[in-house]
Amino acid sequence: MEPLSSTPTPDELPEGRLQGRQRFADLVRQALACAARERWPHLVLSDPDFSDWPLGERGVIESLNAWAGKGRRLQLLARDYGRLREQCPRLVQWRVTWSHIVEAQACRQTSGGEPPSAIWSHAWTLERIDIEHGVMIASRESARRAALQERLQACWQLGAPSFPATTLGL
């Protein structure tokens, strides 16, 4: 992965209709690196189960570490976090370390059936509109960001806290 100093700015992140599973994974990496470099204050990562996101990769965790800090907020939204726990132990550990800036909700019932597969920030959004075929739309357009934020918030409100940083046992 490229050093954070050479990551794209929000203006350099792509816009428009894009396609491909590898392209999606690359955009997740680029967006999180950009969030770290540009110090985006708030991120929302949403997906039914995050099974094909590169969230367990060392470079992604490095970006999240560089991003995390005072005044930051990350919201995770999923139907289920089981696969994420299994496939991304680095992210699970990162979640423990940064639990004070991370909120996670499980949203099992939405009007559309699943939580959107998306990255939302104040500067740029990426939404997969067809997960199976890897079709997505990236945008800096304020109307698209606002519409996605509304859908994410509606799902968030229907959800319940999930993916705790620690599990208490007897």
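Residues numbered from 1 in each chain as written. Predicted model: local features only at pLDDT ≥ 70, side-chain atom pairs only at ≥ 80, totals over all residues. Heavy atoms only, no water.

**Some words on the pairing of strand β6 (residues 125-130)**
- Here strand β5 (residues 117-121) pairs with β6 via four bridges, running antiparallel. Following the sheet pairing, isoleucine 119 is matched in β6 by leucine 126.
- Hairpin geometry of β5 and β6 is characterised by an intervening segment of three residues between the two adjacent antiparallel strands.
- Pairing analysis gives five bridges linking β6 to strand β7 (residues 135-139), with the strands arranged antiparallel. Bridging across to β7, threonine 125 finds its partner in serine 139.
- Where β6 folds back on β7, the antiparallel hairpin that results is connected by four residues, among which glycine 134 adopts a positive phi of roughly 70 degrees. (Pairing = 2+ DSSP bridges. Helix = DSSP H or I, 4+ residues; strand = E, 2+ residues; numbered from the N terminus.)

**Here we look at the sheet that holds strand β3 (residues 73-78)**
- With mixed pairing, the eight strands of this open sheet are ordered in space as β1-β7-β6-β5-β2-β3-β4-β8. A strand with exactly one partner marks an edge of an open sheet, and here the two such strands are β1 (16-19) and β8 (160-161).
- The sheet contact formed by strand β4 (residues 102-106) and β8 spans two bridges and is antiparallel. By the bridge assignment for β8, glutamine 105 is matched with proline 161.
- Strands in contact with helix α5 (residues 142-158) are β2 (42-46), β3, β4, β5, β6, β7 and β8; relative to β5, the strand with the most contacts, it is inclined by about 115 degrees. (Contact = heavy atoms within 4.5 Å. Axes fitted to C-alpha atoms, helices over the stretch in contact; angles between N-to-C directions.)

**Some thoughts on the nonpolar core**
- Among the nonpolar cores identified, the biggest contains 41 residues, and Leu55, Trp67 and Trp94 are the most heavily contacted of them.
- Sorting the residues of this core by element identifies α1 (21-38), β2, α2 (58-67), β3, α4 (89-97), β4 and β7 as the ones contributing at least two each.
- At eight residues, α1 tops the list of elements feeding residues into this core.
- With residues up to four places along the chain from it excluded, the contact list for leucine 55 reads Val28, Leu32, Leu45, Phe50, Val60, Ile61, Leu84, Cys88 and Leu91.
- Core analysis: the second largest hydrophobic core is formed by nine residues, Leu77, Cys107, Trp120 and Cys155 among them. (Core = buried A, V, L, I, M, F, W, Y, C linked by side-chain atoms within 4.5 Å. Buried < 20%, exposed > 50% of the residue type's maximum accessible area, 1.4 Å probe, protein only.)

**Structural notes on the environment of glutamine 19**
- When you line up the elements, glutamine 19 lands in strand β1.
- Dropping the residues within four chain positions of it, glutamine 19 is found in contact with His133, Gly134, Val135 and Met136.
- Here histidine 133 takes part through its backbone oxygen, which lies 3.3 Å from a polar atom of the side chain of glutamine 19. (Polar contact = N/O pair within 3.5 Å; in protein donor to acceptor, adjacent residues only side chain to side chain.)

**Quick word on the confidence of the model for the protein**
- Looking at the protein as a whole, the pLDDT averages 91, with 89% of positions reaching at least 70.
- Contacts for the low-pLDDT stretch residues 1-5, under 50 throughout, to residues beyond four places or in other chains number 11 contacts. (pLDDT = per-residue confidence, 0-100.)

**Considering the environment of cysteine 107**
- Looking at the secondary structure, you find cysteine 107 in the loop between β4 and β5.
- With relative accessibility at 1%, the residue cysteine 107 sits in the buried group.
- Taking C-alpha positions, cysteine 107 is 9.1 Å from serine 162, a pair spaced 55 residues apart along the chain.

**Observations concerning the side chain of serine 46**
- One can find serine 46 in strand β2.
- From its side chain, serine 46 meets the backbone oxygen of proline 116 in a polar contact 2.6 Å long.
- Ignoring sequence-local partners within four residues, the contact set of serine 46 consists of Trp53, Leu77, Pro115, Pro116, Ser117, Ala118 and Leu152.

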